[in-house]
Structure formats: structure tokens, C-alpha cells
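Structural overview
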Amino acid sequence: MPRRNLRDIAALHASQAKITMLTAYDSTFARLLDVAGVETILIGDSLGMVIQGRDSTLAVTLEETAYHVECVARGAKRAFILGDLPFGTYQESPQQAMRSAVRLIAAGAQMIKIEGGTTMAESVRFLVERGVPVCGHVGLVPQSVHALGGFRVQGRDEAGAKRIMADVKALAEAGASMIVLEAIPAKLAEELTASIAVPTIGIGAGPSCSGQVLVTQDMLGISDRSPKFVRNFMQGASSIADAVTAYVAAVKDGSFPAAAHSY
Ligand code: KIV
């Protein structure tokens, strides 16, 4: 089977099937996720915390990310591959974003992910017009942890919800092909998902998103954090492969995330 491409992901969304995504940083996990049927794999800047043991994502470099993208692209033969642009490698200008995106695309990414909404819309349009598919990321944006005053749920008040609505609309209009919604109320995520044609991928954003993503080490219960939105899929599983298969099934049938994992 050939590697999934952007049209395959759009077709999944058009058929109203939930889109499955997990993070990976190395070829062994990438192969395992691929075989278990995970459709899209994100090489997230969460690698700063999960792989490098840092307390934020902020120090991850473009070269480190490119290295992990290469590892994952070698291990996963079928999954669609997204590479996360690290903090400081795209915020300056559309041109800087393009240069950084080119590095991850050359390493094997098929789409790049950037954090931010209205302020990033110009860069999103610039990249899309030059052939780079883009995934946006709004709500809790970890690269802005200092500005947000910590890793906190976003969009709980009216002003915050309106800001996120404007962000999502701006990204969709700029041509983003996917938007990650992180740590926002489930009701807001439901409204956002219904308001755009672009698939939304939730993490702590309730069950109505078009798909779901988790950090793999979190859903295996082997990281040192367990946010409310994570379910430990190793519970009741006899192997890592079983746990990942259970995650795919639970996202597909809508049983994950449950109310207990939502805000
Ligand atoms: O860096 C990452 O892994 C992410 C996901 C959690 C969405 O951005």
C-alpha cells in the first residue's frame, strides 16, 4: 500500500470517518503505529519533553526535528507524516516559515504544523500557495507557555472563545488543511468543527472533532504527566501494539474521548 497523501486524508474527512493521529519520534514506534493503523503521525515538538526531558517544547531546534522526521518517515510506510515547526523557526516572517518548512519536507514530512491563529494566517497562505500543506494549532499553544502563564485550558470565557473562533476562521480561510484544537471546552470545539470544512484534530477538545491526537507516551502511561484528557490505553492491553490498536478503535467508534477526558 502506498503512503497516504493529502487527498486520502481529505477523503477520510469527507466520508465523516474520524481521523487518527499519534506522535512518534523514532522509527520503531513509527512502524508500530503504522502497523496498528494510525493514519497520521505527528513528529511533535513535544519531543522536547518526551525525548529530551525538558519542561517545555521551547528549546527544540529545527535540525533536531528534521532528524526525528527522518527516523519516523523510515519506520512508517503508510501513515501521513506531519512535522512540527519548533518555536522561533517560523514566527518572524512567511519567508522564515518557508525556509523551515522546506527543511522538514526534505526530511520526509508531508505537512507542517505551526502554532497560532490570525497572526499566522499570512504565513499559512504563503506556504500553501507555494505547495506546502499546513496544519494549524490553536487553543493551548505550548510554544506560548510563558505568555499563557502555564499549560492551561483556553477559551473558557466569552472573549477567549471568540478569539479562538477568529483564529480558526483565519487559518481555514488562509488554506490550512487541518487544525489541531488543544485543551478547549468540548462545546466550543464542536461549534468550531461545524463551522469549517477543514478537519479539526482534538487533544483535550472533546469528541466532536474530526479526529484525535495524543502524545504516544502519554496514552501508554509511560510519561511523567497525565492530563485529564489522556486515557491510558495500556490498561487492559497485553502489548503496546494492542494499546495502539485499542486507541485507533476508540477514536474511530467515538468512545474516546469520553466526558471524563473533556473540558
Ligand atoms: O508537539 C506535539 O506533540 C503536539 C501535539 C500534542 C498536538 O503539538
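Residues numbered from 1 in each chain as written. Predicted model: local features only at pLDDT ≥ 70, side-chain atom pairs only at ≥ 80, totals over all residues. Heavy atoms only, no water.

**A closer look at the site of the ligand**
Taken together, Thr-23, Leu-42, Gly-44, Asp-45, Ser-46, Asp-84, Lys-113, His-137, Ile-203 and Val-215 make up all the residues around the ligand. Here an oxygen atom of the ligand sits 3.0 Å away from a polar atom, N or O, in the side chain of Asp-45. Note that an oxygen atom of the ligand is positioned 3.0 Å from one of the side-chain N or O atoms of Lys-113. When atom positions are compared with the pocket grids, the ligand is found to occupy the largest pocket. Split by residue class, the shell around the ligand holds three nonpolar, four polar and three charged. (Near = heavy atom within 4 Å. Polar contact = N/O pair within 3.5 Å; in protein donor to acceptor, adjacent residues only side chain to side chain. 1 Å grid on protein atoms, 1.4 Å probe; cavity = no way out; pocket = protein on both sides within 12 Å on 5 of 7 lines; lining within 4 Å. Sits in = over half its atoms within 2 Å of the grid points. Nonpolar A, V, L, I, M, F, W, Y, C, P; charged D, E, K, R; others polar.)

**Concerning the layout of surface pockets**
To find the voids left in a structure, one rolls a probe of water-molecule size over its atoms. If you add up the space inside the largest pocket, you get close to 610 Å³. In this structure, the largest pocket is lined by 36 residues; those nearest its centre are Ser-46, Met-49, Val-215, Asp-218 and Arg-225. For the lining of the largest pocket, the secondary-structure elements that each account for two or more residues are helix H3 (47-50), strand S6 (178-182), strand S8 (211-214) and helix H10 (216-219). In this structure, the second largest pocket occupies an estimated 430 Å³ of space. Together, 24 residues line the second largest pocket, and Gly-139, Val-141, Leu-148, Gln-154 and Asp-167 are the ones closest to its centre. Sorting the residues of the lining of the second largest pocket by element identifies strand S5 (134-139) and helix H8 (158-174) as the ones contributing at least two each. Residue contributions to the lining of the second largest pocket peak at four residues, all from H8. Residue composition of the lining of the second largest pocket, by class: seven nonpolar, 12 polar and five charged. (Points joined across faces, edges and corners; volume = space filled by probe spheres on them. Helix = DSSP H or I, 4+ residues; strand = E, 2+ residues; numbered from the N terminus.)

**As for empty space enclosed by the protein**
The final tally for this structure, using the stated rule, is one cavity of 30 Å³ or more. Quantified by volume, the largest cavity comes out at close to 40 Å³. Mapped by element, the contributors of at least two residues to the lining of the largest cavity are strand S7 (200-203) and S8. In terms of residues, the lining of the largest cavity owes the most to one element, S8, which gives three residues. Taken together, the residues of the lining of the largest cavity break down into seven nonpolar, five polar and no charged.

**So, the sheet that holds S6**
The sheet built from eight strands closes into a barrel, its strands ordered S1-S2-S3-S4-S5-S6-S7-S8 with parallel pairing. The average undirected angle you get between the axes of adjacent strands in this sheet is 25 degrees. Two elements, strand S4 (residues 111-113) and S5, share two bridges in a ladder whose sense is parallel. Residue pairing for S5: Ile-112 is matched across the bridge by Val-134. Packing against the sheet, helix H4 (residues 62-75) makes contact with strand S2 (40-43) and strand S3 (80-84), and its axis sits at approximately 155 degrees to S2. (Pairing = 2+ DSSP bridges. Axes fitted to C-alpha atoms, helices over the stretch in contact; angles between N-to-C directions. Contact = heavy atoms within 4.5 Å.)

**Description of the pattern of salt bridges**
Within this structure, the stated rule accounts for nine salt bridges. Put simply, Lys-169 and Glu-173 hold a salt bridge, and the shortest N to O gap is 3.5 Å. Taken as a pair, Lys-169 and Glu-173 lie in helix H8 at a separation of four residues, close to a single helical turn. Of the two residues, Lys-169 and Glu-173, both sit in the exposed class. In this structure, Arg-225 and Asp-218 form a salt bridge, with 2.5 Å as the shortest nitrogen-oxygen distance. Judged by relative accessible area, which is 36%, Arg-225 ranks as partly exposed. (Salt bridge = Lys/Arg side-chain N within 4 Å of Asp/Glu carboxyl O. Buried < 20%, exposed > 50% of the residue type's maximum accessible area, 1.4 Å probe, protein only.)

**Digging into the environment of Ala-24**
Structurally, Ala-24 can be placed in the loop between strand S1 (19-23) and helix H2 (27-35). With a relative accessible area of 1%, Ala-24 lands in the buried category. Residues Ala-24 and Ile-81, spaced 57 residues apart in sequence, show a C-alpha to C-alpha distance of 9.8 Å. Once residues lying within four places of it in the same chain are set aside, the contact partners of Ala-24 are Ala-30, Leu-33, Ile-41, Leu-42, Ile-43 and Val-72.

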